[in-house]
Amino acid sequence: MRALLVGLCLAIGAGGALAQQPERTPPAAAAPQGAATLLTVDIDRLFGQSRFGERIARTYTEGRTALAAENRRIAEALRQEELALADQRAQMAPAVFQAEAAAFDEKAQSIRRAQDAKEAALDDTLDEGRAQFLEVSRPILIQLMSDRNAAAILDRRSVLLSLERIDITDEAIARIDETIGDGTEDEDEN
């Protein structure tokens, strides 16, 4: 029993050492008779380097940039309003100033909630774009599985060790780009 435990610990240690050196690919080995063929794909690269994913990411980035510019404009306007209120404080009765300050604070908080909602909606569009991408690329990935007589496609990040030849990310990106392009309806016109 002790020998089995020591052997298991050594195997785990060796697996950890291999996991730390992802560039190394084990020598080619024949799959056992009757073993199911598995493929891997890098989901992040698949999305990020496909024309469809690039379009979604570009739209998202443009939205973030526009929202950041809007937030800066709003912050500057609120800062100016706050300074003006502070300048008027000496001429106001304390109760009036407190009411004005409370109204300003409520306005600022309301604007912050609205801007936070815009940011959340923007994040949702990115998530929806990824989900849409996976949905429209599914038949292409199924066809790749069929072409390779594979039983499954695994996310490369969840695989501890594999032969480089089972990674189909580049081929999948090429087929997705060829089949759905950037995912817009007017893609055929380009």
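For the structure itself, look to the data block above.
Residues numbered from 1 in each chain as written. Predicted model: local features only at pLDDT ≥ 70, side-chain atom pairs only at ≥ 80, totals over all residues. Heavy atoms only, no water.

Details of the packing of aromatic side chains
Counted under the stated rule, the structure contains two aromatic pairs. Centre to centre, the rings of Phe47 and Phe133 are 5.3 Å apart; their planes meet at 75°, and the pair counts as edge-to-face. Taken together, the residues Phe47 in helix H2 (residues 43-49) and Phe133 in helix H4 (residues 94-147) connect sequence positions 86 residues apart. Grouping residues by exposure puts Phe47 and Phe133 together as buried. By the ring-pair criterion, three or more aromatic residues cluster together here, those being Phe47, Phe52 and Phe133. (Phe/Tyr/Trp six-rings, centres within 6.5 Å; stacked < 30°, edge-to-face > 60°. Helix = DSSP H or I, 4+ residues; strand = E, 2+ residues; numbered from the N terminus. Buried < 20%, exposed > 50% of the residue type's maximum accessible area, 1.4 Å probe, protein only.)

Some thoughts on the nonpolar core
Counting 19 residues, the largest nonpolar core has Leu46, Phe133 and Ile176 as its most contacted members. Tallying contributions element by element places H4 first for this core, with six residues. When residues no more than four places from it in sequence are discounted, the contact partners of Leu46 are Val41, Phe133, Leu141, Thr169, Ala172, Ile173 and Ile176. Leu78, Leu85, Phe97 and Phe104 belong to the second largest nonpolar core, which has five residues in total. (Core = buried A, V, L, I, M, F, W, Y, C linked by side-chain atoms within 4.5 Å. Contact = heavy atoms within 4.5 Å.)

A word on the environment of Asp177
Along the chain, Asp177 falls in helix H5 (residues 169-180). The class for Asp177 is buried, based on a relative accessible area of 18%. Considering only alpha carbons, one finds Asp177 and Gln49, 128 residues apart in sequence, at a separation of 9.5 Å. Each residue touching Asp177, except ones within four places of it in the same chain, is listed here: Gln49, Ser50, Arg51 and Phe52. In this structure the side chain of Asp177 is engaged in a polar contact, spanning 2.7 Å, whose partner is the backbone nitrogen of Arg51. (Polar contact = N/O pair within 3.5 Å; in protein donor to acceptor, adjacent residues only side chain to side chain.)

Examining the pattern of salt bridges
Pairing between side chains becomes possible if they bear opposite charge and their charged atoms approach one another. Scanning all chains against the criterion turns up 15 salt bridges. Here Asp44 makes a salt bridge to Arg157, at a shortest N to O gap of 3.1 Å. Taken together, the residues Asp44 in helix H2 and Arg157 in the loop between strand E2 (150-155) and H5 connect sequence positions 113 residues apart. Using a relative accessible area of 35% as the deciding quantity, one classes Asp44 as partly exposed. With relative accessibility at 56%, the residue Arg157 sits in the exposed group. A salt bridge links Asp167 to Arg156, with the nearest nitrogen and oxygen atoms 3.2 Å apart. With Asp167 in the loop between E2 and H5 and Arg156 in the loop between E2 and H5, this residue pair connects regions lying 11 residues apart in the sequence. Since its relative accessible area comes to 15%, Asp167 is described here as buried. Here the salt bridges share partners, and the residues they tie into one network are Asp44, Arg130, Asp155 and Arg157. (Salt bridge = Lys/Arg side-chain N within 4 Å of Asp/Glu carboxyl O.)

Examining unusual backbone geometry
Of note, Asn149 is a non-glycine position whose phi angle comes to about 55°, a positive value. Within the fold, Asn149 resides in the loop between H4 and E2. Given the relative accessible area of 64%, Asn149 is considered exposed.

Points about H4
With 54 residues, H4 ought to run about 80 Å at 1.5 Å a step, and its terminal C-alpha atoms sit 78 Å apart, in line with that. At Arg138, H4 shows its strongest bend, of approximately 45°, with the proline Pro139 following within four residues. Buried within H4 are the following residues: Phe97, Phe104, Ala108, Gln115, Leu122, Leu126, Gly129, Phe133, Ser137, Ile140, Leu141 and Leu144. Of the residues one or two after H4, Asn149 is the one with positive phi, at around 55°. (Expected span 1.5 Å × (residues − 1). Bend = angle between axes of the 7 residues up to and from the residue.)

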